[in-house]
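Architecture and fold: a report
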There are 2 protein chains.
Amino acid sequence: MLNTLKKDIDKELAEFLRSSSIMMSIKRSSPVLYKGIKDFIRRPGKRIRPILVVIGYLGYTKRKKPDLRGLIRSSLSMELLHDFLLIHDDIIDNSETRRGKPSLHRLFNTKYGAPPADKLGSDLGLIAGDIVFAAAIKELLSIKENPVHINKAVSILADIAAQTGLGEYLDVINDSKGIDAITEQDILSMYTLKTAKYTFEGPLLIGSSLAGANNIETGKISKLGSFLGQAFQLQDDLLDIFLSSKDTGKPAFKDLDESKRTLLIRETYARSNNTSRKRMQSIFNKKIRLKKTS
Amino acid sequence: MLNTLKKDIDKELAEFLRSSSIMMSIKRSSPVLYKGIKDFIRRPGKRIRPILVVIGYLGYTKRKKPDLRGLIRSSLSMELLHDFLLIHDDIIDNSETRRGKPSLHRLFNTKYGAPPADKLGSDLGLIAGDIVFAAAIKELLSIKENPVHINKAVSILADIAAQTGLGEYLDVINDSKGIDAITEQDILSMYTLKTAKYTFEGPLLIGSSLAGANNIETGKISKLGSFLGQAFQLQDDLLDIFLSSKDTGKPAFKDLDESKRTLLIRETYARSNNTSRKRMQSIFNKKIRLKKTS
């Protein structure tokens, strides 16, 4: 069932790229921008977020004949939100690749014949991300449902985007702190905001809210989604260290390479002897660029 | 009446900063981010966009007792959209100031003790902009109205944001072209997308759609808003050259300084003799960084 659903989502994603009003107006004005966004969005992925929107909806709807096509189209909003966040994330992290291909800002530099790390790519990537965010909101409105439910889902999408942004902000600040200055709690609350919210809790909340779930039900979903999201992030940290890029589609040791303050790295530091700690400090503290943090 | 309205909008903006769920959660996690956004949003401005939302609504509503407080709160969405766009624009343009004070990304570098042009500020500014965009969407839902009208307004807001992004993208590309390679049409269509849409057409459309205006009515509003927006941008170009920074609150000759391809500058080029053209080319073409454009 999940496989069929994933295929339906990919099909609808292709349809969105082909015929949505936003994508069509981009295509007319800038073929480079259009192809860049299209290439990025169509890259293979797990589509876990739209899948969870659909599951959340079907678990709570009382309709015998739900608008499945509209539901899948609405679920794209969470995939597009994900794409928008990745595009901006890659600019912030100076990432060269994403899903086994160039990050979008790098792609723009190639397309326009600018040097790989030119600011032009970041500028255009920033704008492309903003446009994809706008498209995410618009797509959420697709389902034929009670407009009160849709309003509620829009509000949740906005909340998730804001909280994920806050998590990203704390991540940048954490990464700029000395490795000895970060607590487990710092890392866990950043994980909750940056990943858990928009990977599990958000999609499930949006799906169930579209279906009209009540506050008691959505309260339970929030808790479940939050824990699932933390577990997912911990797993992601482990994969970075213990799996090759062939298996994950990401460069191996990306977190280490970027001196990310993951829980795994913090724990390694906490359990190391003084010699190892000093070595870790000298590597990780290179990235510190702040005098003050809060 | 406009003055009272402006005061009410500023009051509601302060209330948004004080008590909205998004701002409160930011305040708890990062006082620097909170103060940065607050300082930026509270800077004096014309509030022309929220004013036009209110006017658009009152012009078309059939209600005898409209939800005025909710309407003003919803109208903030266009002010916040404006703020979000300015924050990202300033990163793209490397602007040091905005509304007579530091641009937000510059402010973050100061707050965290990083050098003025450090990438940290851009990274944090990028995220702050994303959060303000999310808040814009959420605030639009405030008014007590027919939820079908509200969903329509959300859809318009998403369209405006996407089109403004597209205009911004074309602006970056135009600025990277030789001054002799740009047509009047390039500039005008960029003006329409980048400014007209979200300054006049968008707010009027959102206001009237919230009130339930029909398609014939909104079609007329679109046309009016589009022309007003182009006129506004032309006026803005003139002010940049012919008024001092004291009068505009912006640095004088900002467009010239950034080698912006405005219609005024394009016309000056077209009417100049060969000697002047060559001088202009040598100045303006410094900014060209693209090999290909489209």
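Residues numbered from 1 in each chain as written. Chains lettered and ligands numbered in written order. Predicted model: local features only at pLDDT ≥ 70, side-chain atom pairs only at ≥ 80, totals over all residues. Heavy atoms only, no water.

The final tally for this structure, using the stated rule, is 48 salt bridges over all chains. The salt bridge involving Glu267 of chain B is made with Arg266 of chain B; its shortest N-O contact spans 3.8 Å. Through salt bridges with shared partners, a single ionic network connects Asp89, Asp93, Glu168, Asp171, Asp175, Lys194 and Lys260 of chain A. (Salt bridge = Lys/Arg side-chain N within 4 Å of Asp/Glu carboxyl O.)

On the surface, Met1, Leu2, Ile55, Leu58 and Leu68 of chain A cluster together into a nonpolar patch covering about 470 Å² of accessible area. Topologically, Leu2 of chain A is positioned in helix 1 (residues 2–19). (Patch = residues over 30% accessible without salt bridge, like charges linked within 9 Å, V, L, I, M, F, W, Y side chains within 5 Å. Areas by Shrake-Rupley, 256 points an atom, 1.4 Å probe, with all protein chains shown as cover. Helix = DSSP H or I, 4+ residues; strand = E, 2+ residues; numbered from the N terminus.)

All names here are of chain A. Interaxial distance between helix 5 (residues 68–92) and helix 8 (residues 147–175) falls to 12 Å at its minimum, and their mutual angle equals 20 degrees. On the basis of their axis angle, the class for helix 5 and helix 8 is roughly parallel. By crossing handedness, the relation of helix 5 to helix 8 is classed as right-handed. Every residue of helix 8 that contacts helix 5 at Met78, Leu81, Leu85, Asp89 and Ile92 is listed here: Leu157, Ile160, Ala161, Thr164, Glu168 and Val172. Residues of the contact of helix 5 with helix 8, tallied by class, amount to 8 nonpolar, 1 polar and 2 charged. (Axes fitted to C-alpha atoms, helices over the stretch in contact; angles between N-to-C directions. Parallel < 35°, antiparallel > 145°, perpendicular 65-115°, else oblique. Left-handed = near helix turned anticlockwise from the far one by under 90°. Contact = heavy atoms within 4.5 Å. Nonpolar A, V, L, I, M, F, W, Y, C, P; charged D, E, K, R; others polar.)

The second copy of the chain is related to the first by a rotation about an axis and a shift along the axis. When chain B is fitted to chain A, the best match, at an RMSD of 0.0 Å, comes from turning it 180 degrees and sliding it 0.0 Å along the axis. The superposition operator between the copies reduces to a two-fold rotation axis. Minimal C-alpha distance to the rotation axis in chain B is attained by Pro147 of chain B, lying at 2.8 Å. A high fraction, 100%, of the interface residues of chain B reappear at the interface in chain A, so the copies pair face to face through one surface. (Least-squares fit on C-alpha atoms with pLDDT ≥ 70 in both.)

Once that is clear, we can look at the interface of chain B and chain A. At the junction of the two partners, chain B supplies 59 residues and chain A supplies 59 residues. Both sides together, the interface formed by chain B and chain A hides about 5100 Å², and carbon and sulfur atoms give 67% of it. The interface formed by chain B and chain A contains 2 salt bridges. The salt bridge partner of Asp159 of chain A is Lys138 of chain B, with a shortest N-O separation of 2.7 Å. Those elements that provide at least two residues to the side of chain B that touches chain A are helix 2 (21–29), helix 3 (31–42), helix 5 (68–92), helix 6 (104–111), helix 7 (119–140) and helix 8 (147–175) of chain B. Here the side of chain B that touches chain A takes 17 residues from helix 8 of chain B, the largest share from any one element. Residues that form the side of chain B that touches chain A fall into these classes: 34 nonpolar, 14 polar and 11 charged. (Buried area = accessible area lost by both parts, 1.4 Å probe.)

A few words on the confidence of the model for chain A. For chain A, mean pLDDT is 91; residues scoring 70 or higher make up 94% of the total. As scored by the predictor, the complex reaches a pTM of 0.92 and an ipTM of 0.92. (pLDDT = per-residue confidence, 0-100.)

Across soluble globular proteins, nonpolar side chains show a tendency to be buried alongside one another. Counting 162 residues, the largest nonpolar core has Leu81 and Ile206 of chain A together with Leu81 and Ile206 of chain B as its most contacted members. Every residue in contact with Ile206 of chain B, bar those within four places of it in the chain, is listed here: Val53, Met78, Leu140, Ala153, Ile156, Leu157 and Ile160 of chain B. (Core = buried A, V, L, I, M, F, W, Y, C linked by side-chain atoms within 4.5 Å. Buried < 20%, exposed > 50% of the residue type's maximum accessible area, 1.4 Å probe, protein only.)

Turning next to helix 10 (residues 215–242) of chain B. All names here are of chain B. Along its 28 residues, helix 10 runs 40 Å from first to last C-alpha, staying within 8% of the 40 Å computed at 1.5 Å per residue. Residues of helix 10 that are buried sit in contact with helix 4 (48–60), helix 9 (184–211), helix 12 (254–257) and helix 13 (263–270). At the N-terminal end of helix 10, a side-chain oxygen is found 3.1 Å from the backbone nitrogen of Ile216, two or three residues along, and the residue is Asn214. (Expected span 1.5 Å × (residues − 1). Polar contact = N/O pair within 3.5 Å; in protein donor to acceptor, adjacent residues only side chain to side chain.)

This brings us to a positive patch on the surface. Residue and element names in this part refer to chain A. Residues Lys27, Lys35, Lys38, Arg42 and Lys111 make up a contiguous surface patch of positive charge. Of all the elements, helix 3 (residues 31–42) adds the most residues to the positive patch, at 3 residues. Looking at where Arg42 falls in the secondary structure, it is placed in helix 3. Accessibility expressed as a relative area gives 51% for Arg42, which makes it exposed. (Lys, Arg positive; Asp, Glu negative; His and termini not counted. Charge placed at Lys NZ, Arg CZ, Asp CG, Glu CD.)

On to the packing of aromatic side chains. All told, the structure shown has 7 aromatic pairs over all chains when counted by the stated rule. On the basis of an interplanar angle of 65 degrees and a centroid distance of 5.8 Å, the ring pair of Tyr169 of chain A and Phe108 of chain B is categorised as edge-to-face. Of this pair, Tyr169 of chain A sits in helix 8 while Phe108 of chain B is found in helix 6, placing the two residues in two different chains. Comparing Tyr169 of chain A with Phe108 of chain B, the two get one shared label, buried. Ring centres 5.4 Å apart and planes at 70 degrees place the aromatic pair Phe200 of chain B and Phe232 of chain B in the edge-to-face group. Of the two residues, Phe200 of chain B is situated in helix 9 and Phe232 of chain B in helix 10; the sequence distance between them amounts to 32 residues. When its relative accessible area of 9% is taken as the criterion, Phe200 of chain B is described as buried. Three or more aromatic residues joined by ring pairs make a cluster, and in this case those are Phe84 and Phe133 of chain A together with Phe84 and Phe133 of chain B. If you follow Arg277 of chain A out to its NZ or CZ, it ends over the ring of Tyr269 of chain A, 5.0 Å from the centre. (Phe/Tyr/Trp six-rings, centres within 6.5 Å; stacked < 30°, edge-to-face > 60°. Lys NZ or Arg CZ within 6 Å of the ring centre and 35° of its normal.)

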